[in-house]
Amino acid sequence: MSPLPTGDVGNAIAPLATIIHIQNTGTIPDANFHVPLWILLLGGAGIVTGLGIWGGKVIQTIGENITKLEPSSGFSAELATATTVLIASSLGLPVSTSHALVGGVIGIGVVQNLKGVRWQTIKSIILAWVITIPIAAVSGALLFTLIRFL
């Protein structure tokens with residue numbers, strides 16, 4: 001058993017791990033909560049599957065469609081992302097590596113060549129992030145209502 005992870009895997013599996021814990025013990029998880037290995041593997045498999053299906057598109061969008069990246073600027077974006085994820089995780093904040101990476105790439109584009117930043121791509125990314133909140137809220141409400149009636 002592992003402690004509750006942070007970052008994308010944590011965001012993906014924490015709700016499942018919490019539900020399973022409550023179902024098995026009848027208690028709310030506390031600071032000593034540990035996630036079973038099978039749930040970590042399931043979360044990892046889900047992320048790998050998503051990466052296999054949409055990874056190429058995401059890589060192209062972030063790596064090519066926001067601004068032109070060279071190896072040194074790509075390294076800087078990755079280092080900024082890793083630093084952001086580590087700091088947020090150490091503070092116990094949920095964090096998305098994709099969101100952090102987009103921010104790093106935008107920052108590099110602004111410093112390198114403001115006119116070289118493709119703002120339409122950034123608008124599309126932000127719109128997708130904003131749209132996911134109400135879609136997830138409605139989906140969550142519908143699923144909860146369905147499960148409650150079952």
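Remember, predicted model here, so these are calculated numbers, not experimental data.

About the criteria used
Residues numbered from 1 in each chain as written. Predicted model: local features only at pLDDT ≥ 70, side-chain atom pairs only at ≥ 80, totals over all residues. Heavy atoms only, no water. Helix = DSSP H or I, 4+ residues; strand = E, 2+ residues; numbered from the N terminus. Buried < 20%, exposed > 50% of the residue type's maximum accessible area, 1.4 Å probe, protein only. Areas by Shrake-Rupley, 256 points an atom, 1.4 Å probe, with all protein chains shown as cover. Lys, Arg positive; Asp, Glu negative; His and termini not counted. Charge placed at Lys NZ, Arg CZ, Asp CG, Glu CD. Axes fitted to C-alpha atoms, helices over the stretch in contact; angles between N-to-C directions. Parallel < 35°, antiparallel > 145°, perpendicular 65-115°, else oblique. Left-handed = near helix turned anticlockwise from the far one by under 90°. Contact = heavy atoms within 4.5 Å. Nonpolar A, V, L, I, M, F, W, Y, C, P; charged D, E, K, R; others polar. Bend = angle between axes of the 7 residues up to and from the residue. Salt bridge = Lys/Arg side-chain N within 4 Å of Asp/Glu carboxyl O. Expected span 1.5 Å × (residues − 1). Polar contact = N/O pair within 3.5 Å; in protein donor to acceptor, adjacent residues only side chain to side chain.

(A) View of the overall build of the protein chain. When you go through the protein chain residue by residue, the secondary structure sums to five helices and two strands. Counting from the amino terminus, the protein chain carries its helices and strands in the arrangement β-α-β-α-α-α-α. By principal-axis analysis of the C-alpha atoms, the protein chain measures approximately 55 × 30 × 25 Å. Burial statistics for the protein chain: of 150 residues in total, 25% are counted as buried. Surface accessibility of the protein chain: about 10200 Å² in total, with carbon and sulfur atoms responsible for 72%. Across the protein chain, the 6 positively charged side chains and the 5 negatively charged ones have centroids separated by 16 Å.

(B) The packing of helix α3 (residues 71–90) against helix α4 (residues 97–112), seen in detail. The N-to-C vectors of α3 and α4 enclose an angle of 135 degrees; their axes lie 8 Å apart at closest approach. As judged from the angle between their axes, α3 and α4 are oblique. For the pair α3 and α4, the sense of crossing is right-handed. Of the residues in α4, those touching α3 at Ser 73, Ser 76, Ala 77, Glu 78, Thr 81, Thr 84 and Val 85 are Thr 97, Ala 100, Leu 101, Gly 104, Val 105, Ile 108 and Gln 112. In terms of residue class, the contact of α3 with α4 is built from six nonpolar, seven polar and one charged.

(C) Quick peek at helix α2 (residues 37–64). At Trp 54, α2 is bent by approximately 65 degrees, the largest bend along its length. All of the buried residues in α2 are Ile 39, Leu 40, Gly 43, Gly 50, Gly 55, Thr 61 and Ile 62.

(D) Quick look at the pattern of salt bridges. Taken as a whole, this structure holds one salt bridge when the rule is applied. Measuring nitrogen to oxygen at the nearest pair gives 3.1 Å for the salt bridge that ties Glu 70 to Lys 68. For Glu 70, a relative accessible area of 38% translates into the label partly exposed. The exposure class of Lys 68 is exposed, given its relative accessible area of 58%.

(E) Molecular detail of α4. Taking 1.5 Å of rise per residue, the 16 residues of α4 would be expected to cover 22 Å, and the 22 Å separating its terminal C-alpha atoms lies within 8% of that figure. Listed in full, the buried residues belonging to α4 are Ala 100, Leu 101, Val 102, Gly 104, Val 105, Ile 106, Ile 108 and Gly 109. Tucked inside the fold, the buried residues of α4 contact α2, α3 and α5 (119–149). Its side-chain oxygen at 3.3 Å from the backbone nitrogen of Ser 98, Ser 96 defines the N-terminal cap of α4.

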